[in-house]
Amino acid sequence: MTDPYPPLKSTPASAIDLAFPTLKPAQIERMAAQGRIREVQRGEVLVEAGEKSTRFFVVKTGQVEVVQSSGGTEKPVALFLPGQFTGEISILFGRRILVRVRAKEAGEVIEIDREHLLGLVQTDGELGEIFMRAFILRRVELIAQGFGDVVVLGSSHSPNTLRIKEFLTRNGHPYSYIDLDRDAGVQDLLDHFQVAVNDVPVVICRSDVVLRNPANEQIADCLGFNETIDQTRLRDVVIVGAGPAGLAAAVYAASEGLDVLVLESNAPGGQAGSSSKIENYLGFPTGISGQELATRAYTQAQKFGAQLIIARGAKALICDRKPYAIEIDEGSRVPARSIIIAAGAHYRKLPLDNLSQFEGCGVYYAATFVESQLCGGEEVIVVGGGNSAGQAAVFLAQSARCVHLIIRSDGLADSMSRYLIRRIEETPAIVLRPHTEITSLEGGDHLESVRWRDSESQNVETRQIRHVFVMTGAIPNTLWLDGCVALDANGFIKTGQALSQDDLAAADWPLLRSPYLLETSLPGVFAVGDVRGGNIKRVASAVGEGSIAIAFVHQVLHE
Ligand SMILES: Cc1cc2nc3c(=O)[nH]c(=O)nc-3n(C[C@H](O)[C@H](O)[C@H](O)COP(=O)(O)OP(=O)(O)OC[C@H]3O[C@@H](n4cnc5c(N)ncnc54)[C@H](O)[C@@H]3O)c2cc1C
């Protein structure tokens, strides 16, 4: 890359060649066989910002540049010389491209469409690796440089602002943020778009569409995250949930040639996506953030051809006839030969009357970079004695002044991994408060103070603390199943040998064989990961179960 293109921010010098590699002549020949060679004129726009990303280019001669244009001005992003190729991760997902691609000098390019690229990535190991790595590194770089097509205008007092920032971050979509509480000049911008104060947060999408306090689904639609769902196509398997379990199932199913659709009500990654650092997942000795793990898995599933739909969840399972179907919205159903329920769990809430008043503006259920930015240098509370609470405490202690770790029991030994307990003991900024419970929250637009009680000494203390992270055990996401499959007393799905004769009789189990491992009381419907009764709540077990379920899906499809 040469001036005036910006130096890479997030990519170390050694990785620049990986993000912007120059293909060898033999590799260019293989690319040429997949596309068409065409001449380009100086200044010719090859792809316009906002278009669906369906083509990319290898430069044979001449130069191709990438620029970001906004309000009539252009910012250079990258320059591609002969042997280099355009494109970033949006082409794998078929999403809208964030930048304009233009011939800087006349020359010749190889134009390749998305279908051929996806084929290449799956069949040509060498080129597949070069492209995947370059596309991911380029997206990371776009995020680091803030080159996006989305502006969020919000307030730290608004739970919806946090929701939208999290949604964009967890979908790996770059955005700029303007804090209305801090940026006085922003009123002109709001007037320009005729936005009233109660419309906040406002999302300016693709530089022109103005969305007022949009639902995640509206943002996904505007940014073109999802392709249309063909409701007439009978899928081999529909997977509900794109946490570690659902994504693993998608990778194995698609790589083994099954026609797969994944429905995710929020963003890929599930609970693991809200973890700042997962240190006990095999193969990552220095740990990996949940966000990064989710992005890799999501890309991997796309690479094998799974279709993933974001911000549109399953509303109901239609189980009274075959083929089964998943209802997404009123009147919109996807039929399936088999179904994998990987809907996971969400956090239990604290039994406090005014809790909802502070959710998103003082009370949080995730501790990622987004939340940590809200409470730098302040005192915070983490509630819970499990591994997720331990991780949150250790992570937040890096930026907060003091972290009070509040637990009801006497200690952490029974509920937390030894390595985390040791790290907590070694971190002076973390204060463990055993046999303690929060009894009230106070504040206005934002949480201002917290009262807790020590159940041993009966001491009650009130502190001016503005941030509470709640990580206190899980509730399964099974309400939408509405009696279709047998659940245990806590609402988790029963599978395999956990299903008693009574369960099977009540469900009218129609087959001579017993349910397979991970199969529910409904033949051909499986449950994996945290949503399953008896599951060990770990990323590794979710991934393991997701992959194992596919072996049984093959058997069901052959029955
Ligand atoms: C903060 C935190 C830190 C953690 N750290 C670790 C760790 O270090 N190591 C470890 O091993 N484990 C860790 N865990 C536990 C681990 O993340 C979970 O065990 C794992 O994510 C479970 O995966 P899952 O796919 O079964 O469910 P989930 O991760 O819960 O994913 C389920 C997905 O389904 C979606 N969904 C729900 N309902 C629907 C619907 N109706 N339609 C469509 N989609 C739906 C949800 O939005 C979600 O994305 C941590 C958990 C948390 C919260």
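### Some remarks on the packing of aromatic side chains
Piece 1. Counted according to the given criterion, the structure contains twelve aromatic pairs.
Piece 2. Taken together, a centroid distance of 6.1 Å and an interplanar angle of 80 degrees make the contact between F85 and F135 edge-to-face. In this pair, F85 is assigned in the loop between β4 (73-80) and α3 (90-93) and F135 in helix α5 (residues 125-145), connecting sequence segments 50 residues apart.
Piece 3. Between the aromatic rings of F167 and F225, the centroid separation amounts to 6.2 Å while the plane-to-plane angle is 35 degrees, which identifies the pairing as tilted. Placement of F167 in helix α6 (residues 159-170) and of F225 in the loop between α8 (216-222) and β10 (235-240) is noted, with a sequence separation of 58 residues between them.
Piece 4. With a relative accessible area of 2%, F225 lands in the buried category.
Piece 5. An aromatic cluster of three or more residues is present, and its members are F56, F85, F131 and F135.
Piece 6. Over the ring of F225 we find R95; its NZ or CZ atom is 3.9 Å from the centre of that ring.
Piece 7. Stacked on the ring of Y516, the Lys or Arg R513 has its end atom at 3.8 Å from the ring centre.

### Focus on the sheet that holds strand β24 (residues 468-470)
Piece 1. What the five strands build is an open sheet, ordered β17-β24-β18-β19-β20; its pairing is parallel. Where the open sheet ends on each side, the last strands, each with one partner, are β17 (363-364) and β20 (430-433).
Piece 2. Examined bridge by bridge, strand β18 (residues 379-383) and β24 share three bridges and lie parallel to one another. Directly across from V383, in β24, lies its bridge partner V470.

### Structural notes on unusual backbone geometry
Piece 1. Here the residue pair V200 and P201 is connected by a cis peptide bond, since its omega of 5 degrees sits within 30 degrees of zero.
Piece 2. Mapped onto the elements of the fold, P201 is located in the loop between α7 (186-192) and β8 (202-205).
Piece 3. Of note, the amide linkage connecting K322 to P323 takes the cis form, showing an omega dihedral of -5 degrees.
Piece 4. The phi dihedral of Q458 falls on the positive side, at around 65 degrees, and the residue is not glycine.
Piece 5. Mapping Q458 onto the fold places it in the loop between β22 (447-454) and β23 (460-463).
Piece 6. The phi torsion at L518 lies on the positive side, around 75 degrees, for a residue other than glycine.
Piece 7. Here L518 lies in the loop between α15 (501-506) and β26 (525-527).

### Quick notes on the site of the ligand
Piece 1. Near the ligand you find 35 residues, and of these E264, Q271, A314, Q391 and D530 are the closest.
Piece 2. Take S265: an N or O atom from its main chain is 3.1 Å from a nitrogen atom of the ligand.
Piece 3. With respect to the ligand, the backbone of A345 contributes an N or O atom lying 3.3 Å from an oxygen atom.
Piece 4. If the ligand stood free it would expose 1000 Å²; the protein chains cover 93% of that surface.

### Comments concerning the pattern of salt bridges
Piece 1. Tallied over the full model, the rule gives 36 salt bridges.
Piece 2. Among the ionic pairs, R38 bridges to E111, the shortest N-O distance being 2.7 Å. Of this pair, R38 sits in strand β1 (residues 36-40) while E111 sits in strand β5 (residues 100-113); the two residues are 73 residues apart in sequence, bridging distant segments of the chain. E111 shares its class with R38; the two are buried.
Piece 3. The shortest N-O distance in the salt bridge between E545 and R532 comes to 2.9 Å. Of this pair, E545 sits in helix α16 (residues 539-558) while R532 sits in the loop between β26 and α16, and the two are 13 residues apart along the sequence.
Piece 4. Judged by its relative accessible area of 9%, E545 falls in the buried class.
Piece 5. R532 gets classed as buried once you look at its relative accessible area, which sits at 14%.

### Focus: helix α10 (residues 290-303)
Piece 1. With 14 residues, α10 should cover 20 Å at 1.5 Å per step; its first-to-last C-alpha distance of 20 Å lies within 8% of that length.
Piece 2. Looking only at α10, the buried set comprises G290, L293, A294, A297, Y298, T299, A301 and Q302.
Piece 3. Check the buried side of α10 and you find it contacts α3, α4 (114-123), α5, α9 (244-255), β12 (307-310) and α16.

### Here we look at the packing of helix α13 (residues 387-396) against helix α14 (residues 418-425)
Piece 1. Here α13 crosses α14 at 30 degrees, and the two axes come no closer than 10 Å. Handedness of the crossing formed by α13 with α14: left-handed. Across the interface between the two elements, N387, G390, Q391 and V394 from α13 touch Y419, L420, R423 and I424 from α14.

### Brief notes about the side chain of R170
Piece 1. Looking at where R170 falls in the secondary structure, it is placed in helix α6.
Piece 2. E166 is the oppositely charged side chain nearest to the buried, salt-bridge-free R170, at an N-O distance of 5.9 Å.
Piece 3. A distance of 2.7 Å separates a polar side-chain atom of R170 from the backbone oxygen of G270.
Piece 4. Look past the residues within four positions of R170 in its chain and what remains in contact with it is A267, P268, G269, G270, G273, S274 and Q291.

### Quick notes on the nonpolar core
Piece 1. With 70 residues, the main nonpolar core has M31 and I340 as its most contacted residues.
Piece 2. In this structure, M31 is in contact with L23, F56, V58, I110, I112, L120, L127 and F131, ignoring residues within four places of it in sequence.

Reading the values: rules and limits
Residues numbered from 1 in each chain as written. Predicted model: local features only at pLDDT ≥ 70, side-chain atom pairs only at ≥ 80, totals over all residues. Heavy atoms only, no water. Phe/Tyr/Trp six-rings, centres within 6.5 Å; stacked < 30°, edge-to-face > 60°. Helix = DSSP H or I, 4+ residues; strand = E, 2+ residues; numbered from the N terminus. Buried < 20%, exposed > 50% of the residue type's maximum accessible area, 1.4 Å probe, protein only. Lys NZ or Arg CZ within 6 Å of the ring centre and 35° of its normal. Pairing = 2+ DSSP bridges. Near = heavy atom within 4 Å. Polar contact = N/O pair within 3.5 Å; in protein donor to acceptor, adjacent residues only side chain to side chain. Areas by Shrake-Rupley, 256 points an atom, 1.4 Å probe, with all protein chains shown as cover. Salt bridge = Lys/Arg side-chain N within 4 Å of Asp/Glu carboxyl O. Expected span 1.5 Å × (residues − 1). Contact = heavy atoms within 4.5 Å. Axes fitted to C-alpha atoms, helices over the stretch in contact; angles between N-to-C directions. Left-handed = near helix turned anticlockwise from the far one by under 90°. Lys, Arg positive; Asp, Glu negative; His and termini not counted. Core = buried A, V, L, I, M, F, W, Y, C linked by side-chain atoms within 4.5 Å.

These figures capture arrangement, not role.
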